[in-house]
Amino acid sequence: MKKSIYLIISLVLVLTMVLAACTTPAETETPVVEEPVEEEVVEEEPVEEEEVVEEEPTEEVVEEEPTEEVVEEEMGPMLASVPTANGTTTTRKGTWVDEVAFSIVDSDSAITQIQAGALDIYPVGMSTVDQFNAIKAAGLENSFGGGLYYEITINPVGPIFEGTGKLNPFASAKAREALNWIIDRDYINQEVYGGIATPKFTPIHTSLPDYSKYIETFREVEAKYAYDFDKGAAVIEEELAAMGAEKVDGKWTYEGEPVVIIFLIRNDSDGTRIPIGDYVSNQLELIGLTVDRQYKTSAEASPLWVGGNPADGLWHLYTGAWSATAIDRDAGDDLQFFETPSSAYGSTALWQSYAADADYLQMADDLANVNYTDMEQRAEMFKRSIVERFEYSYRVWIVDGKSFAAWDPKVSVAYDLMAGVDGSAFWPYTLRFDGQEGGVMRFGTNAVFNDPINAVAGSNWAFDQSWIRAIGDYGVVTNPFTGIAMPQRIEKADVVVQTGLPVTQTYDWVNLTFEDTITVPEDAWVDWDVESQTFITAAEKWPEGATALRKSVVYYPADFFQTVTWHDGSPFDMADFVMGMIMTFEPGYEGSAIYDEAAAATIQSALAPFKGWKILSEDPLIVETYSDFWGLDAENIVNTLWPEYGYGNASWHLIALSNMADAKGELAYSADKADASGVEWLSWASGPSIEILAADLAELIANPTIPYEATLGAYITPEEAAARYANLQAFYEEYGHFYANCGPLILSEVYPVEQTLVLKNNDNYVDFADKWSLFTEPKVAVAEIDGAGRVTIGEAATFDVFVSTEDGDAYPQNEVSFVKYLLFNADGSLLEVAEATFVEDGYYTIELSEETTGKLASGACKLEVAVSVIPVALPAFAAFEFVAE
Amino acid sequence: MSVDSQALQQPVEVKKESRRESAFSRIAKYSGGRIVSLFITVVIGVYLTILIANMGGYVDQIRKGQIRDNLYARLGNDQTYKQLPESEKKTYADALIELEEKRLGLDQPFILRSLRFLWDALSMNLGRAQFMSSDTGSRQVRLIITERLGTTLLLMGTANLFLFFSSILIALGLSRSYGSFLDRFFIALSPTSAMPAWFYGIFLILIFAAVLKILPFGGMIDSPPPKTTIGYALNVLKHLILPASSLFISSFFSSVYNWRTFFLIFSSEDYVEMAKAKGLTDQMVQRRYILRPTLPTIITSFSLLLIGMWTGAIITETVFTWPGLGQVTYQAIGFNDTAVIVGTTIIFAYLLALTVFLLDFFYALVDPRVKLGGSQQRS
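Rules used throughout
Residues numbered from 1 in each chain as written. Chains lettered and ligands numbered in written order. Predicted model: local features only at pLDDT ≥ 70, side-chain atom pairs only at ≥ 80, totals over all residues. Heavy atoms only, no water. Helix = DSSP H or I, 4+ residues; strand = E, 2+ residues; numbered from the N terminus. Rg over C-alpha atoms; globule rule 2.2 N^0.38 Å. Buried < 20%, exposed > 50% of the residue type's maximum accessible area, 1.4 Å probe, protein only. Contact = heavy atoms within 4.5 Å. Areas by Shrake-Rupley, 256 points an atom, 1.4 Å probe, with all protein chains shown as cover. Lys, Arg positive; Asp, Glu negative; His and termini not counted. Charge placed at Lys NZ, Arg CZ, Asp CG, Glu CD. Core = buried A, V, L, I, M, F, W, Y, C linked by side-chain atoms within 4.5 Å. Salt bridge = Lys/Arg side-chain N within 4 Å of Asp/Glu carboxyl O. Patch = residues over 30% accessible without salt bridge, like charges linked within 9 Å, V, L, I, M, F, W, Y side chains within 5 Å. Pairing = 2+ DSSP bridges. Axes fitted to C-alpha atoms, helices over the stretch in contact; angles between N-to-C directions. Buried area = accessible area lost by both parts, 1.4 Å probe. Polar contact = N/O pair within 3.5 Å; in protein donor to acceptor, adjacent residues only side chain to side chain. Domains from an automatic or database assignment. Nonpolar A, V, L, I, M, F, W, Y, C, P; charged D, E, K, R; others polar. Parallel < 35°, antiparallel > 145°, perpendicular 65-115°, else oblique. Arc of directions from axis to C-beta. Left-handed = near helix turned anticlockwise from the far one by under 90°.

Describing the overall build of chain A
- Helices and strands together make up the secondary structure of chain A, namely 32 helices and 39 strands.
- Computed over C-alpha atoms, the radius of gyration of chain A comes to 29 Å, within 12% of the 29 Å expected from 2.2 N^0.38 for 885 residues, which places it in the range of a compact globule.
- Taken along the three principal axes of its C-alpha coordinates, chain A extends 95 × 85 × 60 Å.
- Within chain A, the proportion of its 885 residues that are buried is 62%.
- Across chain A, contacts joining residues at least 24 apart in sequence account for 73% of those joining residues at least 6 apart.
- Split by element, the accessible area of chain A, about 30,900 Å² in all, is 50% carbon and sulfur.
- Taking the average location of the 48 positive side-chain charges in chain A and that of its 148 negative ones, the two points are 6 Å from each other.

Spelled out as structure tokens, the structure:
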């Protein structure tokens, strides 16, 4: 009897465990066999459209507008449909869903929760291969975004550390360069990332336009520094011997002591840096070096590698990783940032130790500062720097990781190819249940209300910004597939750039022109007088006159002020824009009632290139901005003057209320000022701020003050001020908070302690729900090469190239920037680079001439194509191996 | 431990023999000494916490590294900063670093700050957090803690009070039926408490949330939450079931086993046998001859349980994404936010010291063998 009871209990326990274990087969039983397919998709995803930029180079071209037609055609499938899509498929305004309910979900259980129907979407980027396999096995939909990219940071000081008197083999540039050979990036990709990452050799992200643009140079260095352990080991051993080290019993020693490499291996983050660090350590130990593996968190490691002096000798190597959160259309500053003393990190002792030839440093600076006259010069500099950086090798780059969000198959949403779902401004516009209007979307996230919410200097946590973006609106939004700005609230823009600057345009909503001199008008507002509360004009500040490198003119729609409202019902007016202009200066100037010491430095820095604003028309609103700041894409240097304060939108009356609390010393916009003055950090959403704001609003209602009356008095009447404050009071009474924004969703319920919030659809939103519905799926290109497996040396050969969408449809030629092929010889060297010949949509040929094949050596050769398309910024690659005989 | 039944009858008489003045003086003297010794313990404990939380001052180096790392990474994405002249870049970055170091007090020696932390803590001036905000967005440590206190007490209170009283009741019953099937059943299952609450939590989630889909995976409330108060309360209860159950299950069998063994020892005392032989009812025997002498231990255990609720359950709260104080403490440690760490510690330290102090009086009240300020126990 007793035994039977025990047996039953045991069986129950075992059954429980088995039952529970049965729920997650996905995480362990995923067929890894399928990964190569995914890998190929990942590698082929990266796209590009910069070639168009290259081909539309200068003022002359723009004046003649030969590309105008092309641009229109290029935009056709996406932007040309925007006006018709907005309201053509639905009469619903705002978002597709009625509500979005946020809750905290751990990434480890997110997939299971979606499977169980407890969650609809988990948009936070996951990055481990187990999670990816689980998503696939569970049959969920997923996005691909840019994850972390990994490298080994090297301490180059020495060869003898001042602090310890120990040898640093990596003081030798050749030894650092040789590290490239002893690290098998493909092995790391397969073993650590399950093949979904992409091996990399330089700081340039392999998914960015610049990578495919200069693919031949990247392939050259990738071939040169491909895994060759013996070669790398030989170089390192040679350098060790040259430094006076001796190999004793298979171990390298210096002055009788083992040569110890202190390797700081990060054990936090996504956990993948542990196997990377261990792998590299093993490789170094194979050479005979002794490795002291120090596993540390970010907090523990940062005082050593970035906060300390590398000459102290407390570390040799560090497992670094960086995040890619946006499609960077100009990666020209990467070399400067990562590997020269001019970096943003330039004040640190480590970056100061990066000594390179003056020419190389100048080239890196010029690339970063866009100091070139045309794209050809940029290309030459870019390619040179990619090759020359290996002579210094202050970092050894390993892989570009991926991140992926997951959602139920019945859900659809647009995602940014780098920032993913929650980092994109597009999710509110596109998130929906397939074939359904309405419904409550359950949205998992890692955290909410990390810090107080205010648009001026509130929470900048990605998790908070994800929902703050959804309740806001913008003058322009960034195309999630290309990184190029598109008009949201504005109608169009003119961009005038000083002649000679290599600025180009892709879309036709911008009119790009060049002028030799761009003069700032005398009556442009260029600064702010805190005492008189009026703008200072250009004539007052620069009596001798001023010029700018760039001017942008934005045009808002004629019915803008009649159609766009804040969530409290207040219609937009000029004062919302002018308040934004005032707040650009006000907190940073001593003497201001809301002066913030911490903001002062940032504001002064931001204003350095600023040259002025001029309101050309109030209704319809047309505003000019003059600036010395510019970039390669005309669309991305348009200043809309939208009332966006850095951390969200705000109306003038909400700012007026907040300024009042700040000026009275009750609350402070920023953490710094709040700490310094011992008051609460201003939050519009919850907490002690609410009561204070409510009291101040009552004062404003009793006495409807016009803020900065000397200036805003021209735009606000006392009656309008009273109406605005009353609207805000009504909003507060309805929702219990003050964050009345203007986006497609309204912050309707706030539960800070319960860590949840609810956004509801803004029925009064100006746009129809289908406005951006064409952006749900990125039109990623897939390339394929076909041809003979054997090529006779000295005889012509032809290969077919197919470029299609992921659905297998031919990619239209007017959406393809280039199809470039690279021919590699049997020894891996690059033999020829040229463009494939267009035959018909989706079909190209590569003709290898007799002369070309005559240069082939006998053996296995490779033909690779790189395809860049217009609709997405990520290039596609395909390779084909053949035997030359 | 052995006490005869006569002794249990004597305290009242002994008390009567004592002079009121001398008893008061003795108790006052005892209380004063006890308070001083407990205060010194608290001071030492809190200062040690400050030193440990700051790694003896090394956290300053960590913070300085993090300030630079975060700032440079941010500046790397700042298009305006990138176009500044080199000299201005450095001036700008250095100014921001100086400001942030000043904000965090890193411009002052750690030893001075550690003493200030100590003074603030002892005077219950919990001050402001350096990195963390409360759920509603306040930097005040007081609010960071109190906003989570209710949820923590709800979870820990539900689980622990239920655990405590059910364990004692069942243990009492088992102690009277030594060797029975139920007794052996509980003994057999007591090793299951070797597994922590979060372990059971994961299984409970998988069974009841993932497979059966009748209870939520975690959190404190559904999203969107119910609109009515009753609906809200019921919904919180629904979310409470799994985390409270995991805490309960993980300790239930060992707790019953412990109490059962404890009661068993008292149940086999001679005076209990004598009481039984006199024909007293089981209930009377249990109440007068078993529960009463064990009361000091039960009260001690209960008191420590009550203040133990304060600390929350770090991992279990994390598994169930329950917004409790355990998570706050965990985050504070991760951020090296000394103010919050010290805040939670000092409150716990004061609660513990107060409990220990009051327990001495409780012992004297419920156990006549205990005499405050006496040199030894009576016998």
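Some words on the nonpolar core
- If you look at the biggest cluster of nonpolar residues, it comprises 278 residues, and the most contacted ones within it are Trp427(A) and Leu759(A).
- Sorting elements by how many residues they give to this core places helix H25 (residues 574–585) of chain A first, with nine residues.
- Those residues in contact with Trp427(A) that sit more than four places away from it in its chain are Val100(A), Phe102(A), Val413(A), Ala414(A), Val421(A), Asp422(A), Phe443(A), Ser466(A), Trp467(A), Ala470(A), Leu745(A) and Leu759(A).
- By size, the runner-up hydrophobic cluster in this structure holds 39 residues, among which are Leu215(B), Phe217(B), Ala244(B) and Leu247(B).

Focus on the pattern of salt bridges
Residues and elements named next belong to chain A.
- With the rule as written, the count across this model stands at 42 salt bridges over all chains.
- Notably, a salt bridge pairs Arg 219 with Glu 222, separated by 2.8 Å at the nearest N-O pair. With Arg 219 and Glu 222 both in helix H13 (residues 215–224) and three residues apart, the pair spans about one turn of that helix. You'll find Arg 219 and Glu 222 in the same group, each marked buried.
- When the shortest N-O distance is used, the salt bridge between Asp 767 and Arg 489 registers 2.9 Å. Of this pair, Asp 767 sits in the loop between strand E30 (756–761) and strand E31 (781–787) while Arg 489 sits in the loop between strand E17 (485–487) and strand E18 (492–498), and the two are 278 residues apart along the sequence.

Brief notes about a nonpolar patch on the surface
All names here are of chain B.
- On the surface, a cluster of nonpolar side chains totalling about 490 Å² of accessible area is made up of Val 36, Ile 40, Ile 44, Leu 48 and Ile 52.
- Examined against the element boundaries, Val 36 turns out to sit in helix H3 (residues 20–53).
- Take Val 36: its relative accessible area is 49%, and that puts it in the partly exposed class.

A short note on the sheet that holds strand E39 (residues 876–884) of chain A
Residues and elements named next belong to chain A.
- The strand order across the open sheet formed by five strands is E32-E39-E38-E34-E35, and the pairing between neighbours is mixed. Looking along the sheet, the strands with just one partner apiece sit at the ends: strand E32 (790–791) and strand E35 (830–835).
- Across five bridges, the pairing between strand E34 (residues 816–824) and E35 is antiparallel. Residue pairing for E35: Leu 822 is matched across the bridge by Val 833.
- Together, E34, E35, strand E38 (859–869) and E39 form the strand contacts of H13, whose direction differs from that of E34 by roughly 30°.

Details of the interface of chain B and chain A
- Contact residues are listed per partner, giving 62 residues for chain B and 77 residues for chain A.
- For the chain B and chain A pair, buried surface summed over both sides reaches about 5,700 Å², with 60% attributable to carbon and sulfur atoms.
- The interface formed by chain B and chain A contains two salt bridges.
- The interface formed by chain B and chain A holds 12 residue pairs in polar contact (both at pLDDT 80 or more) in total.
- Listing elements by their share of the side of chain B that touches chain A, those giving two or more residues are helix H4 (58–76), helix H5 (79–82), helix H6 (86–103), helix H8 (141–176), helix H9 (181–189) and helix H10 (197–211) of chain B.
- Per element, the largest residue contribution to the side of chain B that touches chain A is 10 residues, and it comes from H4(B).

Structural notes on the domain arrangement of chain B
Residues and elements named next belong to chain B.
- Looking at the assigned domains, one finds that chain B contains domain 1 (3–122) and domain 2 (141–366).
- In this structure, domain 1 and domain 2 have C-alpha centres spaced 28 Å apart.
- Each partner contributes residues to the interface: domain 1 has 21 residues there, and domain 2 has 17 residues.
- Of the roughly 1,800 Å² buried at the junction of domain 1 and domain 2 (both faces included), carbon and sulfur atoms supply 69%.
- Connecting domain 1 to domain 2 are zero salt bridges.
- Of all the elements in the fold, those that place two or more residues in the side of domain 1 that touches domain 2 are H3, H4 and helix H7 (110–122).
- With 12 residues, H3 is the largest single contributor of residues to the side of domain 1 that touches domain 2.
- For the side of domain 1 that touches domain 2, a count of residues per class yields 15 nonpolar, four polar and two charged.

Comments concerning the packing of H25(A) against helix H27 (residues 652–663) of chain A
Residues and elements named next belong to chain A.
- Contact geometry of H25 with H27 gives a least axis separation of 8 Å together with a crossing angle of 40°. By the angle between their directions, the pair H25 and H27 is classed as oblique. Seen from H25, the contacting residues are Ala 575, Asp 576, Met 579 and Met 583; seen from H27, they are Trp 652, Ile 655, Ala 656 and Asn 659.
- Residues that form the contact of H25 with H27 fall into these classes: six nonpolar, one polar and one charged.

Section: the pairing of strand E22 (residues 534–537) of chain A
Residue and element names in this part refer to chain A.
- In this structure, strand E21 (residues 525–529) lies alongside E22, joined through four bridges in antiparallel fashion. Directly across from Trp 525, in E22, lies its bridge partner Thr 537.
- Hairpin remark: E21 followed by E22, antiparallel, with four residues in the connecting loop; positive phi at Gln 533, about 55°.

With respect to helix H9 (residues 129–137) of chain A
- Along H9(A), the residues that are buried comprise Val129(A), Gln131(A), Phe132(A), Asn133(A), Ala134(A) and Ile135(A).
- Gly139(A) lies just past H9(A) and shows a positive phi near 75°.

Regarding helix H12 (residues 270–277) of chain B
Residue and element names in this part refer to chain B.
- Restricting attention to buried positions, one finds in H12 the residues Tyr 271, Val 272 and Ala 275. In an axial view of H12, the angular spread of the buried residues amounts to 105°, which keeps them on one side of the axis. Opposite the buried face of H12, by more than 90 degrees, sit the exposed residues Asp 270, Met 274 and Ala 277.
- Directly after H12, the chain includes Gly 279, whose backbone phi takes a positive value near 90°.

A closer look at the sheet that holds strand E7 (residues 251–254) of chain A
Residue and element names in this part refer to chain A.
- Sheet architecture is open: three strands sit in the order E6-E7-E8, paired in antiparallel fashion. Only two strands of the sheet have a single partner each, and these edge strands are strand E6 (246–248) and strand E8 (257–258).
- The sheet contact formed by E7 and E8 spans two bridges and is antiparallel. Bridge assignment links Tyr 254 to a residue of E8, and that residue is Glu 257.

Observations regarding the packing of helix H13 (residues 282–308) of chain B against helix H16 (residues 338–366) of chain B
Residue and element names in this part refer to chain B.
- Across the interface, H13 lies against H16 with an axial gap of 10 Å and an inter-helix angle of 165°. It follows that H13 is roughly antiparallel to H16 by the angle criterion. Judged by the twist between their axes, the crossing of H13 over H16 is right-handed. When H13 is examined against H16, the residues Leu 295, Pro 296, Ile 299, Thr 300, Ser 303, Leu 304 and Ile 307 are found in contact with a partner set consisting of Phe 348, Leu 351, Leu 352, Thr 355, Leu 359, Phe 362, Tyr 363 and Val 366.
- The residue inventory of the contact of H13 with H16, partitioned by class, reads 12 nonpolar, three polar and no charged.

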